[in-house]
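Geometric and topological summary
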Amino acid sequence: MKTIQNKTERIIGAEAVVKCLLAEGITLGYGYPGGAIMPIYDELYKYQKQFHHILTRHEQGAIHAAQGQARVTGEVSVVFATSGPGATNLVTGIADAQIDSTPLVCITGQVASHLLGTDAFQETDIIGISTPVTKWNYQITKASEIPETFAKAFYIARSGRPGPVLIDITKDAQLEAFDFVYKKCNGIRSYTPAPTYDIEKIKEAATLINTAKKPMIVWGQGVIIGKAEQEFKAFIEKCGIPSAATALGLSALPTEHPLYVGMVGMHGHYAPNVLTNSCDLLIAIGMRFDDRVTGNLNYYAKQAKIIHFDIDPAEVNKNVPVDIAVLGDVKETLKEILPFIIENSHPVWHDEFKALYQKELEAVINPQLNPSKEGLTMGEVLKGINNETKGDAIIVSDVGQHQMFACRYANFKQTKSNVTSGGLGTMGFALPAAIGAKIGAPNREVVAIIGDGGYQMTCNELGTILQTQAAVKIVVLNNGYLGMVRQWQELFFDKRYASTEIISPDFVKLAEAYDIEAISVSKREYLNDAIAKMIASNKPFFLEVIIEKEDNIFPMVPSGASVSDIRLS
């Protein structure tokens, strides 16, 4: 352990919080002040030359912004909130970060320790509330606990399979003076972030890979989190296996790579979904067999041997029984297996993917990208964005039809370029997450793709853009419906559109009220010029595109069906 401070200092707990953050290399955070966390904010004011605080318009906006930054940097982000409603407003974002493995340290103020359990003003048991959705949480009641707790928090949040940590600090602990010294944490007894890999399991996996006739790879966000993009690329290029991504795995491999065969899942590409139930070997890398990927588990890849590379033992055999589990840091395990892999190309097997892709191209993709109908499609909007950004932009999508269109049609050349709410599916995620993504990657173009429903959940964060001038490009695809729910009502509920038609304000006027340049487009002949103007701007920009009202996202695996029963219409 390395001592960060050269000597002991006598300071109050609130100042110690700021010093802990600076010692961990954290110089920026998001949040919203209040009574129980006021001493910490007072210290943030004193340290504003070293630490920049971004005031969002809601605590949920703060944590989604922190998620956006963490996702594009791969580093821990920090969020602050006061007690009671301030803390509970973080919970949705904490749950989102937990299921999507996003490293966060959430700092909440709490009432004074002698008031705990008395139902004091703005007292809430945030430790009890957040326990199921945090990687670790802890309540500090003594200032002397602050250095060790923060050191543990950052170590836990960023190590192994990352996730959110919450530290709740009583007001008296923030004001109490103590002798401060900070030591970074490099290990915790009984906590093993990454299992030690078993070389025999790696050799067994290599044997299966080398002898398979119809192997298929499905990779997830674990490749990105593990910073294993180069090892993954070397692995698939040597074994020549068709490779498909989960929604969160997108951008680990460029979409133009010849071995990329599309996205799996409910609205994924036709070929990888259908051929999941034809392959003789399924290799899962850094993914957790989510239900949106597998469909009905009773019919998922029953004919195949399955190899699972993962850092988290809890994910192995949780949903899908596997034949070989290769536990460990995927950056290490992929590097270790490479010498045992025999070069291959599987040309006949690849032809099966190409034939099914051609079928999808004619039935779904071409009608989306080059529509003959009058109304604009979400696919052609993504096509226009691809043309202007050349696949170099960070695409931040909300939740709904537009999310699946973004995942299917956006082009990615760089890793950490697809930011979306995966496991929790949080509407309202995109706008604040895009702000955090732009702050985390200021030199990259950040385009938020949002539906008219989700946009209205967090459009108050336009105020954060006004204050920070974060040059986010906001694209609202407006079809006048909660589109994904409406699609299900159309297909499975005899078009009974119960509470899915939504009336929106004048989005252009709303953006202009926040001093953001704004355009609305409803005709095809104006679309590409509007997109070009948006991308050319070096300031925040808002673009509304009026979309065909009943434009559906296909292919689609119906609920309860096998992935090979995916529908093209």
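Residues numbered from 1 in each chain as written. Predicted model: local features only at pLDDT ≥ 70, side-chain atom pairs only at ≥ 80, totals over all residues. Heavy atoms only, no water.

**Comments concerning helix α9 (residues 199–211)**
If you check α9, its first and last C-alpha atoms are 19 Å apart, about what 13 residues at 1.5 Å a residue would give, namely 18 Å. Within the span of α9, buried status applies to Ile202, Ala205, Ala206 and Ile209. For α9, the angular spread of the buried residues around the axis is 105 degrees, confining them to a single face. Buried-residue contacts for α9 involve α11 (229–239), β12 (281–285), β13 (305–310), β14 (324–327) and α14 (330–337). (Helix = DSSP H or I, 4+ residues; strand = E, 2+ residues; numbered from the N terminus. Expected span 1.5 Å × (residues − 1). Buried < 20%, exposed > 50% of the residue type's maximum accessible area, 1.4 Å probe, protein only. Arc of directions from axis to C-beta. Contact = heavy atoms within 4.5 Å.)

**Looking at empty space enclosed by the protein**
One pass over the full model with this rule turns up one cavity of 30 Å³ or more. Empty space within the largest cavity amounts to approximately 40 Å³. Every residue along the wall of the largest cavity is listed here: Ile209, Asn210, Cys239, Ile341, Ile342, Glu343, Asn344 and His346. For the lining of the largest cavity, the per-class residue count stands at four nonpolar, three polar and one charged. (1 Å grid on protein atoms, 1.4 Å probe; cavity = no way out; pocket = protein on both sides within 12 Å on 5 of 7 lines; lining within 4 Å. Points joined across faces, edges and corners; volume = space filled by probe spheres on them. Nonpolar A, V, L, I, M, F, W, Y, C, P; charged D, E, K, R; others polar.)

**Overview of the sheet that holds strand β16 (residues 418–420)**
If you trace the six strands from one edge of the open sheet to the other, you get β16-β15-β17-β18-β20-β19, paired in parallel fashion. Across the chains shown, the open sheet's two edge strands, defined by having one partner strand only, are β16 and β19 (517–521). Pairwise comparison of adjacent strand axes, ignoring direction, gives a mean angle of 15 degrees for this sheet. Strand direction decides the pairing type here: β19 and strand β20 (residues 541–546), joined by five bridges, are parallel. Bridging from a neighbouring strand, valine 521 pairs with valine 545 of β20. Packed on one face of the sheet, helix α18 (residues 430–440) meets β15 (394–397), β17 (446–451) and β18 (473–478) and runs near 175 degrees to β17. (Pairing = 2+ DSSP bridges. Axes fitted to C-alpha atoms, helices over the stretch in contact; angles between N-to-C directions.)

**Comments concerning the pattern of salt bridges**
One pass over the full model with this rule turns up 24 salt bridges. Here lysine 331 makes a salt bridge to glutamate 231, at a shortest N to O gap of 3.0 Å. Here lysine 331, found in helix α14, pairs with glutamate 231, found in helix α11; they are 100 residues apart in sequence, far enough to count as distant. Residue glutamate 231 is classed as buried on the basis of its relative accessible area of 18%. The shortest N-O distance in the salt bridge between glutamate 380 and arginine 524 comes to 2.8 Å. In this pair, glutamate 380 sits in helix α16 (residues 378–389) while arginine 524 sits in helix α23 (residues 524–536), placing the two residues 144 residues apart along the sequence. Taking relative accessible area as the criterion, glutamate 380 reaches 7% and is therefore assigned buried. Take arginine 524: its relative accessible area is 28%, and that puts it in the partly exposed class. Salt bridges sharing common partners tie together Arg161, Asp312, Glu315 and Lys318. (Salt bridge = Lys/Arg side-chain N within 4 Å of Asp/Glu carboxyl O.)

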